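# Summary of structural features
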Amino acid sequence: MDLQKMSESLKTGDLLFVPDTHEDLSQIIAKSTMNETDLSLKTCQNYTHIGVLEYNSKYNDFFVLHATPIKGCIRETLSVFLNNQQAIDVYRLKKSTISHKTAIQRGKKLLGEPYNSSFIAEQPGYYCSEFICALYKNVFAQTPMSFGPNGSILPEWHDYYKKLDLPIPNRLPGSSPNSLLSQGLTAFITTLHKE
């Protein structure tokens with residue numbers, strides 16, 4: 001990975017959108033939220049994960065802060081993050097008055113928090129887009145969560161929430177990578193590919 005070339009196009013605060021993968025949870029999320037993606041955007045890609053980029057001058061390296069089902073809220077190098085994906089689309093918030101430094105500081109305070117596998121705001125931890133919303137307070141609006149097309153609930157979610165012994169939060173306020181993108185607050189920058 002050419003750090004010099006990347007540093008010319010990437011900035012702290014850039015949002016990294018990950019397309020759906022072959023993992024079970026990613027596939028269920030993709031099937032549930034694909035209708036949220038605005039087809040007028042740069043791509044009709046369906047995203048199932050999101051992280052935020054931080055450039056650290058002390059280490060002359062890029063880091064990604066994000067919430068993962070296995071490790072919870074973590075910070076890892078961009079190269080490690082990319083090794084787990086085939087390609088990542090980079091978007092940048094259009095509003096220039098947002099303090100990305102403050103957002104990253106908030107994120108660092110949340111490192112070590114568990115993953116919120118219920119997607120219910122009152123439950124402990126953070127899921128990926130909830131983590132981004134916590135970092136960028138009052139930037140993104142919450143939208144009704146979707147667990148299937150047109151307000152339906154996919155059978156996989158019934159099984160998923162039965163194991164959690166929790167109700168499905170269908171149509172309750174929340175977020176997904178697609179719902180954040182569809183708000184029109186970001187601009188596409190580039191696509192990063194796994195080496």
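Residue positions are given per chain, counted from 1 along the sequence in the order it is written. Predicted model: local features are reported for residues with pLDDT of at least 70 only, side-chain atom pairs are reported and counted for 80 or more only, and whole-chain, interface and lining totals are derived from all residues. The side-chain quantities take in all heavy atoms of the structure and omit both hydrogens and water.

Looking at an unreviewed UniProt entry, the protein chain carries the name Hydrolase, with the source organism given as Liquorilactobacillus hordei.

## Some remarks on the packing of aromatic side chains
The following threshold applies: Each Phe, Tyr or Trp ring, with Trp reduced to its six-membered ring, pairs with another whose centre is within 6.5 Å; inter-plane angles below 30 degrees give stacked pairs, above 60 give edge-to-face pairs, and intermediate values give tilted ones. The cut-offs for exposure are 20% and 50% of the maximum accessible area for each residue type, with area from a 1.4 Å probe on protein chains only; residues under the lower value are buried, those over the upper are exposed, and the others partly exposed. Definition used: whenever NZ (Lys) or CZ (Arg) falls within 6 Å of the ring centre and also within 35 degrees of the ring normal, the charge is taken to sit over that ring.
Evaluated as defined, the whole model comprises 16 aromatic pairs. Taking the centre distance of 5.1 Å and the plane angle of 70 degrees together, the rings of Phe 119 and Tyr 127 count as edge-to-face. Of the two residues examined, Phe 119 and Tyr 127, each falls in the buried class. Connected via pairs of aromatic rings, a cluster forms that spans Tyr 115, Phe 119, Tyr 127, Phe 147, Trp 157, Tyr 160 and Tyr 161. The cationic tip of Arg 75 hangs over the ring face of Phe 63; the distance from NZ or CZ to the ring centre is 3.8 Å.

## Thoughts on the pairing of strand β5 (residues 87-93)
In plain terms, the rule: Here a helix means four or more residues in a row that DSSP labels H or I, a strand means two or more in a row labelled E, and each is numbered from the N terminus. Whether two strands pair comes down to DSSP finding at least two bridges between them.
Within β5, six of the seven residues are buried, leaving the element largely enclosed by the surrounding structure. Here strand β1 (residues 15-19) pairs with β5 via three bridges, running antiparallel. For Leu 16, the partnering residue across the bridge sits in β5 and is Val 90. Relative to strand β8 (residues 186-193), β5 runs antiparallel, the two being bridged by seven bridges. From the neighbouring strand, Ile 88 faces β8, where its bridge partner is Leu 192.

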